[in-house]
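Below are the chains, spelled out letter by letter.
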Amino acid sequence: MLNYLSAEWYKLRRTKGIFIAFGILLALIATVFLPTFWSLTPAVEVYAVAYLAFLPLGFFLAPVFAIRAFDDQYGRGTLKNEIVFGIPRSRCYLGKLAVGGLVGTAAALVVLGFYLLMCVLSGSLREEGADIYWQLCVQGTFTVLPLWLASLSVSFFLQAVVKSSAGAVALNYILLFFSLPMSFLAPEVPAGSLVWSFFRYFFFAAPYRGIYDTPLDSQVMNMGWAWLLGLCWMAVTTLVGIAIFERKEIK
């Protein structure tokens, strides 16, 4: 398995586009702080709220990591080579998904570290009470991380079971555009409303709303719920994905 992961990482790191896009993302983050360098009163709370508000954008980046991890192997016809070589399909599925998840997790931690570094350089973290906002950024990141991994698992599932990579991406973004607003803005659930209950409590992005709805001293509980829910989504989509992938005809 380690050899397979190493091979997938070698293939992924040769994809320059994803690293160029990540560099552009860090450059855009840096531009957010430009006004702070000539401001007399850096507002750390503004930057903390902005950071938390932009965290859901990671859900829309998950399909990108899934695309690069699976690498359109149906369209390229390269998956057959792995199967003929004797690599179990479950290892193919898990190896590609694991590399995508590890790279995405590393990217999330780099973004958090870079954002906090910019806060330090701009003087924002020297404000009174700044430690609270620093804590919110860290807790928010580790709350959303398992939700992002669940989103990646769903994205990879679609890449693996839908033979058209473009079709899988289109279906993925339709799901995100319709389901995320329902999960973030879900009202108090009327009695007997199973759909709203699902999106408010059990959809993989639901705990993100708790970052704003939950008091600071209860954020750890919300983080725990996020990890439990995210791991459940990852487990279910991976098991179902492998079961379907094992039975697919590979040409």
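The structure under discussion appears in the preceding block.
Throughout what follows, the structure given in this document is the object of discussion. Model, not experiment: these values are computed from the prediction.

So, about the packing of helix 4 (residues 57–70) against helix 9 (residues 165–184). For the pair helix 4 and helix 9, the least separation of the axes is 10 Å and the interaxial angle reads 155°. Here helix 9 runs roughly antiparallel to helix 4, going by the angle between their axes. Remark: the crossing between helix 4 and helix 9 carries right-handed chirality. Residues Phe59, Phe60, Pro63, Val64 and Ile67 of helix 4 form the contact with helix 9, whose own contacting residues are Val169, Asn172, Tyr173, Leu176, Phe177, Leu180 and Phe184.

With that settled, consider the nonpolar core. In terms of nonpolar packing, the biggest core is built from 60 residues, with Tyr51, Phe59, Tyr93, Phe204 and Phe245 touching the most fellow members. When neighbours within four sequence positions are excluded, phenylalanine 204 is seen to be in contact with Phe59, Leu147, Ala150, Ser151, Val154, Leu176, Leu229 and Trp233.

Within this structure, the stated rule accounts for 20 aromatic pairs. Measuring from centroid to centroid gives 6.4 Å for tyrosine 173 and phenylalanine 177, while their planes differ by 40°, and the two rings are tilted. Of the two residues, tyrosine 173 and phenylalanine 177 both sit in helix 9, 4 residues apart, roughly one turn of that helix. Given a relative accessible area of 54%, phenylalanine 177 falls into the exposed group. Consider the rings of phenylalanine 198 and tryptophan 233, whose centres lie 6.3 Å apart with planes at 45°: the pair is tilted. Of this pair, phenylalanine 198 sits in helix 10 (residues 194–202) while tryptophan 233 sits in helix 12 (residues 219–247), and the two are 35 residues apart along the sequence. By way of ring pairs, the aromatic residues Phe59, Phe184, Phe198, Phe199, Phe203, Phe204, Tyr208 and Trp233 are connected into one cluster.

Quick look at a nonpolar patch on the surface now. A cluster of nonpolar side chains, namely Phe198, Tyr201, Phe202, Trp225 and Leu228, defines an oily patch on the protein surface of about 480 Å² accessible area. Of all the secondary structure elements, the ones that give two or more residues to the nonpolar patch are helix 10 and helix 12. Top contributing element to the nonpolar patch by residue count: helix 10, with 3 residues. With respect to the helices, strands and loops of the structure, tryptophan 225 is situated in helix 12.

Looking now at the side chain of serine 151. Relative to the helices and strands, serine 151 resides in helix 8 (residues 130–161). Beyond its immediate chain neighbours, meaning those up to four positions away, serine 151 contacts Phe59, Ala62, Leu176 and Phe204.

Attention now moves to the side chain of threonine 143. Looking at where threonine 143 falls in the secondary structure, it is placed in helix 8. For threonine 143, a relative accessible area of 0% translates into the label buried. The residues touching threonine 143, leaving out its near neighbours within four places in the chain, are Pro207, Ile211, Asn222, Met223 and Ala226.

Conventions used here
Residues numbered from 1 in each chain as written. Predicted model: local features only at pLDDT ≥ 70, side-chain atom pairs only at ≥ 80, totals over all residues. Heavy atoms only, no water. Axes fitted to C-alpha atoms, helices over the stretch in contact; angles between N-to-C directions. Helix = DSSP H or I, 4+ residues; strand = E, 2+ residues; numbered from the N terminus. Parallel < 35°, antiparallel > 145°, perpendicular 65-115°, else oblique. Left-handed = near helix turned anticlockwise from the far one by under 90°. Contact = heavy atoms within 4.5 Å. Core = buried A, V, L, I, M, F, W, Y, C linked by side-chain atoms within 4.5 Å. Buried < 20%, exposed > 50% of the residue type's maximum accessible area, 1.4 Å probe, protein only. Phe/Tyr/Trp six-rings, centres within 6.5 Å; stacked < 30°, edge-to-face > 60°. Patch = residues over 30% accessible without salt bridge, like charges linked within 9 Å, V, L, I, M, F, W, Y side chains within 5 Å. Areas by Shrake-Rupley, 256 points an atom, 1.4 Å probe, with all protein chains shown as cover. Salt bridge = Lys/Arg side-chain N within 4 Å of Asp/Glu carboxyl O.

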